[in-house]
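Listed below, chain by chain, are the residues.
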Amino acid sequence: MITVDHLTKRYGDVAAVRDISFTAENGQVTGFLGPNGAGKTTTMRVLTGFTPPTSGRALVGGFDVFEQSMNVRRVVGYLPENVPLYRDLTPYEYLMYLGEIRGLRERKARAQAVLARVGLSARSNSRIRTLSKGMKQRVGLAAALLHDPQVLILDEPTIGLDPLQVLELRQLVAELGREHTVLFSTHILSEAEQVCDKIVIINGGQIIAQGTPQALRDQLARGGRVVVRVAGDLEAARAVLAALPAVQEAVLDRDSVVVTPADSSADLRPDAAQALMAQGFGLLEVRSLAVNLEDIFIELTRREVGAQKEEVA
Amino acid sequence: MSALWAVYKREVALFFRSTIAYAIAFGVLLFMGVLFSATVTQFVANNTSGFAQQLATADMAIVGMLGTLAFLMFIIAPLLTMRLLAEETREGTLEVLMTLPMHDWAFVLGKFFAVWTFYTFILACTLAYVVMLAGMGVPDAGILFAGYLGAWLYGGVTLALSMVWSALTEDQIVAAFLGAATILVFYLSDALALIANGRGFTAGATDFLRELSLVAHYQETMMQGILRGEDVAYFVLLTVAALFVTSVLVGTRRWRAS
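Report on the accompanying structure. (Residues numbered from 1 in each chain as written. Chains lettered and ligands numbered in written order. Predicted model: local features only at pLDDT ≥ 70, side-chain atom pairs only at ≥ 80, totals over all residues. Heavy atoms only, no water.)

A closer look at the packing of aromatic side chains
Residue and element names in this part refer to chain B.
Right, so step 1: Tallied over the entire structure, the rule returns 18 aromatic pairs over all chains.
Right, so step 2: Between Tyr22 and Phe118, the ring centres sit 6.4 Å apart and the planes meet at 80°, which makes this aromatic pair edge-to-face. Placement of Tyr22 in helix H2 (residues 19-45) and of Phe118 in helix H5 (residues 104-125) is noted, with a sequence separation of 96 residues between them.
Right, so step 3: Classification of Tyr22 as partly exposed rests on a relative accessible area of 38%.
Right, so step 4: When its relative accessible area of 0% is taken as the criterion, Phe118 is described as buried.
Right, so step 5: Aromatic side chains Phe71 and Phe74 sit 5.4 Å apart centroid to centroid with 55° between the ring planes, which places their arrangement in the tilted category. Highlighted residues: Phe71 and Phe74, both in helix H3 (residues 51-91), separated by three residues, approximately one helical turn. (Phe/Tyr/Trp six-rings, centres within 6.5 Å; stacked < 30°, edge-to-face > 60°. Helix = DSSP H or I, 4+ residues; strand = E, 2+ residues; numbered from the N terminus. Buried < 20%, exposed > 50% of the residue type's maximum accessible area, 1.4 Å probe, protein only.)

Overview of the pairing of strand E8 (residues 181-186) of chain A
Residue and element names in this part refer to chain A.
Right, so step 1: Most of E8 is tucked away: six of the six residues are buried.
Right, so step 2: With burial as the criterion, each face of E8 is covered, one bearing Thr181, Leu183 and Ser185 and the other bearing Val182, Phe184 and Thr186.
Right, so step 3: With five bridges joining them, strand E3 (residues 29-33) and E8 adopt parallel strand pairing. The residue bridging Gly31 from the neighbouring strand is Phe184, located in E8. (Pairing = 2+ DSSP bridges.)

Re the interface of chain B and chain A
Right, so step 1: Facing 29 residues of chain B, the contacting portion of chain A comprises 26 residues.
Right, so step 2: Summed over both sides, the interface of chain B with chain A buries roughly 2600 Å², with 57% coming from carbon and sulfur.
Right, so step 3: Of all residues in chain B, the largest losses of buried area upon contact with chain A belong to Arg10, Glu95 and Pro101 of chain B, amounting jointly to 26% of the total for that side.
Right, so step 4: Across the chain B-chain A interface, the total number found is five salt bridges.
Right, so step 5: In this structure, Glu95 of chain B and Arg45 of chain A form a salt bridge, with 2.8 Å as the shortest nitrogen-oxygen distance.
Right, so step 6: One can count 13 residue pairs in polar contact (both at pLDDT 80 or more) joining chain B with chain A.
Right, so step 7: Breaking the side of chain B that touches chain A down by element, the ones donating at least two residues are helix H1 (2-17), H3 and helix H4 (93-97) of chain B.
Right, so step 8: By residue number, the principal contributor to the side of chain B that touches chain A is H1 of chain B, which donates nine residues. (Contact = heavy atoms within 4.5 Å. Buried area = accessible area lost by both parts, 1.4 Å probe. Salt bridge = Lys/Arg side-chain N within 4 Å of Asp/Glu carboxyl O. Polar contact = N/O pair within 3.5 Å; in protein donor to acceptor, adjacent residues only side chain to side chain.)

Points about the pattern of salt bridges
All names here are of chain A.
Right, so step 1: Taken as a whole and assessed by the stated rule, the structure comprises 25 salt bridges over all chains.
Right, so step 2: One salt bridge connects Glu175 with Arg117, and the closest N-O pair in it is separated by 3.4 Å. Here Glu175 is found in helix H6 (residues 163-179), whereas its partner Arg117 is found in helix H4 (residues 107-117), with 58 residues between them in sequence.
Right, so step 3: Residue class for Glu175 comes out partly exposed when judged on its relative accessible area of 31%.

Things to note about H4 of chain A
All names here are of chain A.
Right, so step 1: For H4, the full list of buried residues reads Ala111, Val114 and Leu115. Relative to the axis of H4, the buried residues are bounded by an arc of 105° and lie together on one face.
Right, so step 2: On its buried face, H4 is in contact with helix H3 (91-102) and helix H5 (133-145).
Right, so step 3: Two residues or fewer after H4 comes Gly119, characterised by a positive phi angle close to 70°. (Arc of directions from axis to C-beta.)

Right under this line is the structure:
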């Protein structure tokens, strides 16, 4: 369990993260989604006890990251971005080294078990420098899993992998999510959508949305525009839709009409369908325009940038 | 303790596997061997015979050799320590280590004891010259003991002083140069004291500079076979202070943006 409560982290005058709050539950994968430089890595560094927060609080596995840093470090498994490793060691030696620093008992058995878990048993005695990028990533993941941590924090684990490796890693993360609290950062939306039980969207150091993938989709679908296709005169249909009181704008877009509501929380679909049918149009399709997280994400991050520009002006 | 021991073992293994470390050891021993040989040859040539002369030869050879080693530490220590922390910072492995349940000081101490162990290995190699001397006259046991104890402590303090810079910068070359400069300041502060005295500085300032000096606590005392508690205390305290600063500097990595 991770609880972040009004957390702020400044480097000098620059606030990398401003007043963020969220939770990550046991037995779930929580996705930490945002563009590069949004504050994902900074937040993770606070949660792993690497860097102290400027203000606010964060609890990891019930321990305060600042007051009880050593306890936090015991319950967290961390895979940093870019996966730093000792290239002169073999995966097995590396795990034995970390295990000794952690003071683990039965290190050999644990090291072998996690290497098997990430599918690296066959290469456990090759020097890390000879391993491929995907294998190195798995060594890093094995290191994070070594002490069977309650909480797993993975910073962009799929970056730089080929599509097949990405798929395997996502599967592994999803599996791990059943036993651990997993916080997983990414800037790839489809990834968050596939793997995560919950998504926290961060941009410019602030959380701009959070919820289940479904809830986030619904949130935008409700406020979104509607696409209408009819059999018959498209321009006439457009005029009918534009005349509706709830409609702000209706424009032609190739073989369909895109309708924007005046009130973004209203659902135009019933009214639009009724009006068109009353005029005798053959209705082919009425659907909400934004249905995937890609749109939500782009819209939310744009909105944020727009707001900042206004602030500056 | 388990963490300190783990870091120590890995680092010692790295030293004894490293070509560069052996190259440094080789260079040092070669240099000292040539000087040792020259000293002995010269004394033998001037020998007017007699047991007393032979003893003096042995003592001079030991003192000369240890003095050379002490002087060379301003090059040796930075070369041995520059990698220790700078590499972990540059490679990013420091971030992994600092999120493990290990205190920063345990990490720093593990590294320090490892490099000190390698230095002890180099120092032990010079005992070969002592064995050679046994054939031509036994050196004074007091000089031998105090000289070697001093050389060991002297090595520790110079390694600790240059290690500070490895914590501060991730550039090994910069760390090495600044380490050499730091050791030279401590080496020369004896001479600085003399200059300060001539320029009319207060007695307090002059004494302070003199007490800071490596030379005043080794070359002028222990190396000559004079064992004083204050010299041992000087080395131990300065080493501990340097390690403390290093540990704090490693800790500041947590606050710095990277």
